[in-house]
Structures are given as structure tokens and as C-alpha cells.
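# Fold and geometry: a report
Each chain, letter by letter, is given below.
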Protein chains: 2
Amino acid sequence: MLTVLFAASDANWAEYAAPLRHAFAESGLDATLTREADPQAVDYIVYAPSSPLQDFAPYTRCKAVLSLWAGVERIVGNPTLTQPLCRMVDPALTEGMVEWVVGHTLRHHLGMDRHIVNPSRLWDPTCPPLARERPVAMLGMGELGLACARALAALNFPVTGWSRTPKQGTGIPCLHGQAGLEQALRTAQIVVTLLPKTPDTENTLNARSLALLPQGAVILNPGRGALIDDEALLAALDAGHIGHATLDVFRTEPLPQDHPFWTHPRVTVTPHIAADTRAPSASRVIAANIRRGEAGEPFLNRVDRTRGY
Amino acid sequence: MLTVLFAASDANWAEYAAPLRHAFAESGLDATLTREADPQAVDYIVYAPSSPLQDFAPYTRCKAVLSLWAGVERIVGNPTLTQPLCRMVDPALTEGMVEWVVGHTLRHHLGMDRHIVNPSRLWDPTCPPLARERPVAMLGMGELGLACARALAALNFPVTGWSRTPKQGTGIPCLHGQAGLEQALRTAQIVVTLLPKTPDTENTLNARSLALLPQGAVILNPGRGALIDDEALLAALDAGHIGHATLDVFRTEPLPQDHPFWTHPRVTVTPHIAADTRAPSASRVIAANIRRGEAGEPFLNRVDRTRGY
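Keep in mind it's a predicted model, so treat the numbers as computed, not measured.

### Section: the domain arrangement of chain A
Residues and elements named next belong to chain A.
- Looking at chain A, the domain boundaries give domain 1 (2–90 + 277–295) and domain 2 (91–269).
- Each side of the interface is counted separately: domain 1 has 6 residues, and domain 2 has 5 residues.
- Where domain 1 abuts domain 2, roughly 450 Å² becomes buried across the two surfaces, and 58% of that area is made up of carbon and sulfur atoms.
- Counting across the interface, domain 1 meets domain 2 through 0 salt bridges.
- For the side of domain 1 that touches domain 2, the per-class residue count stands at 2 nonpolar, 2 polar and 2 charged.

### Section: the sheet that holds strand 3 (residues 44–47) of chain A
Residues and elements named next belong to chain A.
- Taken in spatial order, the 5 strands make up an open sheet running 2-1-3-4-5, and their pairing is parallel. The open sheet has two free edges, formed respectively by strand 2 (31–34) and strand 5 (85–86), since each of these has just one partner strand.
- As judged from the 4 bridges shared by strand 3 and strand 4 (residues 64–67), these two strands associate in the parallel manner. Counterpart to Tyr 44 in the pairing with strand 4 is Ala 64.
- Here helix 8 (residues 279–294) sits on the sheet in contact with strand 1 (2–7), strand 3, strand 4 and strand 5, set at roughly 160° to strand 3.

### Digging into the interface of chain A and chain B
- In this assembly, 51 residues from chain A lie in contact with 51 residues from chain B.
- Buried surface at the junction of chain A and chain B, summed over both partners, amounts to about 4200 Å²; 69% is from carbon and sulfur atoms.
- When the area that chain A buries against chain B is broken down by residue, the three leading residues are Glu99(A), Arg121(A) and Trp123(A), summing to 20%.
- The tally of links from chain A across to chain B stands at 2 salt bridges.
- A salt bridge links Glu95(A) to Arg132(B), with the shortest nitrogen-to-oxygen separation between them at 2.8 Å.
- Applying the counting criterion to the chain A and chain B interface returns 10 residue pairs in polar contact (both at pLDDT 80 or more).
- Elements that contribute at least two residues to the side of chain A that touches chain B include exactly helix 2 (91–110), helix 3 (113–116) and strand 12 (267–269) of chain A.
- Examining the composition of the side of chain A that touches chain B, we find that 13 residues originate from one element, helix 2 of chain A, more than from any other.
- Class assignment for the residues of the side of chain A that touches chain B results in 26 nonpolar, 14 polar and 11 charged.

### Brief notes about the packing of helix 2 of chain A against helix 2 (residues 91–110) of chain B
- Relative orientation of the contacting elements helix 2 of chain A and helix 2 of chain B amounts to 125°, with a least axis distance of 9 Å. Between helix 2 of chain A and helix 2 of chain B, the angle is such that the two are oblique. The crossing of helix 2 of chain A and helix 2 of chain B is left-handed. Between helix 2 of chain A, through Glu99(A), Trp100(A), Val102(A), Gly103(A), Leu106(A), His109(A) and Leu110(A), and helix 2 of chain B, the contact on the second element is made entirely by Glu99(B), Trp100(B), Val102(B), Gly103(B), Leu106(B), His109(B) and Leu110(B).
- Counted by class, the contact of helix 2 of chain A with helix 2 of chain B contains 8 nonpolar, 4 polar and 2 charged residues.

Criteria and cut-off values
Once a new chain begins, its residue numbering starts again from 1 and follows that chain's sequence as written. Chains carry letters from A onward and ligands carry numbers from 1 onward, assigned in written order. Since the coordinates come from a predicted model, pLDDT governs what is reported: local features require at least 70, and pairs of side-chain atoms require 80 or more to be given and counted, while whole-chain, interface and lining totals use all residues. Side-chain figures throughout are based on the complete set of non-hydrogen atoms in the structure, without hydrogens or water. Domain delimitation follows an automatic or database domain assignment. Contacts are assigned to residue pairs with any non-hydrogen atoms lying within 4.5 Å of each other. For any pair of parts, buried area is found by adding up, for both, the accessible area (1.4 Å probe) each one loses once the two are put together. Any carboxyl oxygen of Asp or Glu within 4 Å of a side-chain nitrogen of Lys or Arg constitutes a salt bridge here. By the convention adopted, Pro, Cys, Tyr, Trp, Phe, Met, Ile, Leu, Val and Ala count as nonpolar, Lys, Arg, Asp and Glu as charged, and the other residues, Gly among them, as polar. One requirement defines pairing of two strands: DSSP has to find at least two bridges between them. The way it works is that DSSP assigns letters per residue, a run of H or I at least four long becomes a helix, a run of E at least two long becomes a strand, and they are numbered from the N terminus. Axis lines are fitted through C-alpha atoms, for helices just across the contact stretch, and the angle between N-to-C directions can take any value from 0 to 180 degrees. Polar contacts here mean pairs of N or O atoms no more than 3.5 Å apart (in protein, one a potential hydrogen donor and the other a potential acceptor; neighbouring residues in sequence count only if both atoms are side-chain atoms). Just so you know how the angles are binned, under 35 degrees is roughly parallel, over 145 roughly antiparallel, 65 to 115 roughly perpendicular, and the rest oblique. Definitions for this section: a left-handed crossing has its near helix turned counterclockwise from the far helix by less than a right angle. A right-handed crossing has that turn clockwise.

Pasting the structure below:
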């Protein structure tokens, strides 16, 4: 019988207790999930930084700390953590992101908003162009960006990927570097920002780069709030140069009630829902890693402490 | 030299004359496109029901009537029409339909409307389920229905197809007959109606079949207005049993200004834009069929009079 300590918030417990137990049973693991245990009896720790647990030293028998979160920046530097640490890589997170990006791309492509809100009962059968006539730029070609680019390309959108360093073999035309960014933006009617947050990517969309986009271009940001210079975006929206921005992430979340994004007629706010870890699939990932640990197989998504992720 | 009679409205002529002539030249057809000709000299008729031409009997030499429209219900019952009749199957029409259906499916799946119109600035980060948890029923598995079903399945939606007669080899689980319809509706959270309009398909969604759907189900109708009993749909929307209906086609178009669909909070009207025939690609289809006729090959998309489509 394995002892699995659940070290995360009450809200996490409410969400994860049943799915984790279900996933353990499904994987044939003989494991007890508990919120309190003698540290020396604990075999695995399911962890989120919302937990008060900060000293991992007493957990001498613990074979791995399994993070509920994809980002481990709040735990990876903890000097008491000597056990293997695994990030959450939830396949559902990629699926959810693809659904949000494809859905909002099609929303803007089809011009849905004028039908969803149409108090004057206007019947204007002007057809939108076909997707094959609507170029999309995907800024960021990591796991999420690439999955979104492929889904859009499958719907005939001409997608150009962009990443800071060259990226090949993706099946999507891909530019890189500063010159490549400028080239990608000049023709894009829809721009999706899915870059990681680093000092180099902050304000990737700023007054200068926004000006490169054609008149009426649409911005979708499901990545990180800091990728966009908010003031520059508002100015470009006010000027009518940018047609619309649909934003899922912000520098401060929840987005403050007095932020101009809430009331701007060309901005749609979605409340950081583009990609969420889902308890059932995340629980299956954790169960799979415990099973691997017990079978002596290497853990999946193990954090490399020298890189920090 | 072939004589091709263009029998459709002035607006159609303005849109199609140049693309058709271009397509004839591209296909190497020695053909004259005209709006007036001695009936006995006409080799082919390009037709839309907007034309005054109703008596096909004098066109004794005509080898085929090539419809500009996908739906042929306004011509198929004409007793003077003894020539082969071909429906328009425009690849651009299929693409446009797939974009409308996938876009509005994702819109409802993601619950976009509450973010697009959010005057109270509500930040509610409740995530939608994943597409894989959102069953879709595709009523009608012809060329358009099948293309939409495949695009939705590629985004992980569990799609169940339904057609009046059995359909196999599509790669999509497919039910048929009345019992199959009831089975498809019982679990569908989103229903797409893409059936042809025939006496058998009128009011496919009526009080009885709508009642089979789970609470909150969403209806998308890009097919034909007559597929749905409007009064039964309004009653089911008022009762809250149906969560929303997004309708692109109506029994009378443009939808009359006093129709309750315009103001119902659970209805979105789109102005018959889901699938528009695009002149350049439709003209290539017509040229290809004339070329086949001249080569003695069977026509593409020939209407089966016994089925009515």
C-alpha cells in the first residue's frame, strides 16, 4: 500500500480527490491518497505551491514530488527539495488551447459578433472570405503554438509560424528572428501570441510591431499578458488600425474592474480559460508517473534543475 | 461550337458571366455563353430558380441542366424537365460550410457569448469541458454534412452522423432511420441540421424530436429553414429546454423584421451566409460537367429524381 500525500489548497482537494482516486484505481495502483501523513511514511507527494508544505527534508522515503502545475518556478529553487520533481504536462491543456484559438479565430474570420449582437435586425448576406484567404501569424511555435497552427492549417488558414530561434520540420512555414517577425506581421490578418514569458518576449506586440500589421488585423492573446504593451494596443485599437483584440491573459488577474479593456468596444476579455489543467486528465498523468516510479521506469516530465523547467 | 444558355437572374449574370467564360476557356470548351437562344439550339442550360424559365420541353437538344444552386427542390419536380439535372457541388461551398459549422460549434462549446457581451465585467474562470466531452449530432451525411462531421471529429468532438438511409465507410459513426434519429438526439449537446429539403425531412426537428434532446442542447441550422418546426423550436427555447439556436436559413428570406427569431435572447440569426456558392469555383464545376458531357462521361452530381436530390 502506497501513501500519497496531497499537498495543495482546500480548493485543489475538492477538485482532485475523487479524480485522483479514480485514476489510481484505473491504473491498478494500491495507493492511499491523504492530506495528512507521517512524513517518513509518504511515498509520493502531489504538490501545488498553494500548500503550506515548504520543507521537503523530512520526506525521506518520498520517491517523487508530482506538481499539479505546469509552471514550477515557485518550487524548483527550494533547497530542501532533493527528490525528483515532475511538471504537469496535461494533454487536456493543449486540447483546450487549440479549441480556444481555433474558436476565436473562426469567430473573427466569420465576423460572428455582428450577428450575435444585432439589435437593428440587419440582414446583410455579405459572405466572409474563405479561410484560405485569411492569413494567420502564430507567434510562438512551442507545443501549444504548433498544435494551434496545425489545427488552423487543417481548416485551410494560411498559417505562418514565428519563433525566436529557427524551427524546422513542423509542416508549417516558420520564420524566426526580428526580420522574420516583421515579415510575419506585415501580411497577417489574425495574430495569435503564444510565446513563453521571458525578458526577451515582453512587449513583443508594441507600438512599432503593431504598426506593421495590415489595417483591421485582429489580435488573439492566450499566452501571457506581458507579451503585449497594453497602452500601445489601446492606442492602435482607438485609431482603428487594429480591428479587435481578444485577450485571455493580463498583467494583473483578475483584470481590474477599472481597466479600459473591459469597456473597449474592440476588446473581448476572456477570464484566463484558454488552457486550464483538467482534474481527470491531470490525475491520469500523476497516476501514470507513480506507476512508472513503482516499475522502476524513468519519470515523465521530470524537471531538469539546471534549466529550471 | 456549343450553345450554353444562362437562365438565372440579372444579378447572377453580373456575377457569373466572366467566371464562366473564363472557366470554359480554361477547360478548352468551344462554347458560347448567352442569355437568349433558340431553344432547339441550346446544348446546356446553366440554371437558377431566379430565372423565368419554367418550361424545359422546347429544349430538345439540351444535354443537361446545370444548377447554380446546391438545393434543387424548386426545379426537381418540374414535369417538363426530362433532361439530366446536376446539383452544384462547389468545393468552396463545402469549405465555407465547414467554417460556419465548426466556428459556431466552438462558439457554443466555449460559451463565447457571455464574454463577447459582458457589461457587468464578470470574471468567472470556469472552464468549459473539452470538445471530447461534447457530443455532436450531424443530421445529414451528404457531402456537406460529412465534411463538417470530419472537421469536428478532427477537433475531438464525438460526432454521431445520421442519415435517412444507412451510410457506411465515412469514418464517422452513423445511425439511420427513425430509431437512429432518436438515439442520435438523446445524447447530443449540439445538433447540426444539414439534411436536404424533401417532404420526408420537413420538420425533422419538431416538438417530439426536440424533447428528446438533453436540457440545454444547442441547435445549428445551416441547412434548410423547413427542417425545423419554428413554433416548436420557439416553445422549447422559451421553456429553457433548448439552450440556443443559431439559424442561417429560414422559411422566408430575408427573415421578416417582425419574426420572433430576431429578438429572442436564445436565437442568433445569420443571413444565409453559411455556404455561398463562389462564382470562380462554381464556374469551374460547370465547365467540368460540360466537358464530361461532351466526352460521353457520366455527369457529376446528377440528381436522382426518385430521391429528389
